[in-house]
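Coordinate inspection notes
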Amino acid sequence: MMKKSNTQCNLDKCFMCTLAVKEWQPVLNACRRNFSLKKGECVINEGDPVTGVYFVYSGKVKVHKKWGDKELIVRFATEGAIIGHRGLGTRSGFYPVSATALEPTVVCFIELELFLATLKVNHDFAFHLLMFFADELQESEKRMRDLALMPVKNRLATSLLQLKQLFGTDKDGNINAELSRQDIASFSGATYETVFRMMNELSHENLIVVSGKKIGIPDEPKLRLLTADHLDKQ
């Protein structure tokens, strides 16, 4: 169970707080709740009633969905990102995805009623949230196309490039996130065994460098060509 966090967000990390009008910020400050999670602890569970939305204050979270007897990672959320917004709407009222902490994480919770009121009062925030939904829809459609048309090796290359762009790199040039092979497989829409084999191929071709859970991309343009060549053939 999530524990109340001693760390309090400072209203300058998530785009809701930064875009809210100054007069509305005391309301957010008074009503928000911060929670800390351990690695592997759930923020939301698929199928639970929607109670509100979360913003990541610190840490990393995977957003995932059941796919038959497997798991598909829809996206990753880092500092400032929103979680739980896919449950908004007038039809279901239930979260359609789950979200799990990949490392010690602090999240900020805003109850649904306050979140909806914030949308009505803060037009800049409502506009940026609309643009976020549009961008996320485009990305989801692209991922559906990739899952349907791309070979696993190309999907894996695309996924690794996306992870590098999202998480950045550490001092050694590796993707700044320790992800399990299963998480990478779930993000690529493939089995663990296939991704393990494809990662070995990419490593032998010097397109990636693997050390434990650390993955480096020494020649990004060459790895990017692997996905571009396939897309050009479509």
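As shown above, the structure is provided for reference.
How each quantity is defined
Residues numbered from 1 in each chain as written. Predicted model: local features only at pLDDT ≥ 70, side-chain atom pairs only at ≥ 80, totals over all residues. Heavy atoms only, no water. Helix = DSSP H or I, 4+ residues; strand = E, 2+ residues; numbered from the N terminus. Buried < 20%, exposed > 50% of the residue type's maximum accessible area, 1.4 Å probe, protein only. Core = buried A, V, L, I, M, F, W, Y, C linked by side-chain atoms within 4.5 Å. Contact = heavy atoms within 4.5 Å. Arc of directions from axis to C-beta. Pairing = 2+ DSSP bridges. Axes fitted to C-alpha atoms, helices over the stretch in contact; angles between N-to-C directions. Parallel < 35°, antiparallel > 145°, perpendicular 65-115°, else oblique. Nonpolar A, V, L, I, M, F, W, Y, C, P; charged D, E, K, R; others polar.

Topic: the environment of Met16
- Tracing the backbone shows Met16 in helix α1 (residues 15–19).
- For Met16, a relative accessible area of 1% gives the class buried.
- Each C-alpha atom of the pair Met16 and Ala148 lies 35 Å from the other, and the pair is 132 residues apart in sequence.

Quick look at the nonpolar core
- Ranked by internal contacts, the top residues of the largest apolar core, which has 25 residues, are Phe76, Leu156, Leu160, Leu163, Leu179 and Leu223.
- Looking at this core, the elements that each hand over two or more residues are β6 (70–77), α5 (152–167), α6 (181–188) and α7 (192–204).
- Ignoring anything within four residues of it in the chain, the contact list for Leu160 reads Ile175, Leu202, Ile208, Ile215 and Ile217.

What about unusual backbone geometry?
- For Asn206, which is not a glycine, the phi torsion comes out positive at approximately 60°.
- Following the sequence through the fold, Asn206 ends up in the loop between α7 and β10 (209–211).
- The exposure class assigned to Asn206 is exposed, which follows from its relative accessible area of 58%.

Observations regarding helix α3 (residues 112–121)
- Residues of α3 that are buried: Leu114, Phe115 and Thr118. End-on, the buried residues of α3 take up no more than an arc of 100°, which puts them together on one face. Residues Glu113 and Lys120 are exposed on α3 and point more than 90 degrees away from its buried face.
- Residues of α3 that are buried make contact with α1, α2 (25–31), β4 (52–58), β7 (82–83), β9 (105–111) and α4 (123–149).

Concerning the sheet that holds β4
- The sheet built from 5 strands is open, its strands ordered β1-β2-β9-β4-β7 with antiparallel pairing. Bordering the open sheet on either side are β1 (3–4) and β7, each of which pairs with just one other strand.
- Pairing geometry for β4 and β7, over 2 bridges, is antiparallel. Following the sheet pairing, Tyr54 is matched in β7 by Ile83.
- The strands touched by α3 within the sheet are β4, β7 and β9, with β9 carrying the most contacts at an inclination of about 75°.

Remarks on the packing of α5 against α7
- α7 packs onto α5 with a crossing angle of 75° between their chain directions and a minimal axis gap of 10 Å. The angle between α5 and α7 places the two elements in the roughly perpendicular class. Facing α5, whose interface residues are Val152, Lys153, Leu156 and Leu160, α7 presents Thr194, Val195, Met198, Met199, Glu201 and Leu202.
- Partitioning the contact of α5 with α7 into residue classes produces 7 nonpolar, 1 polar and 2 charged.

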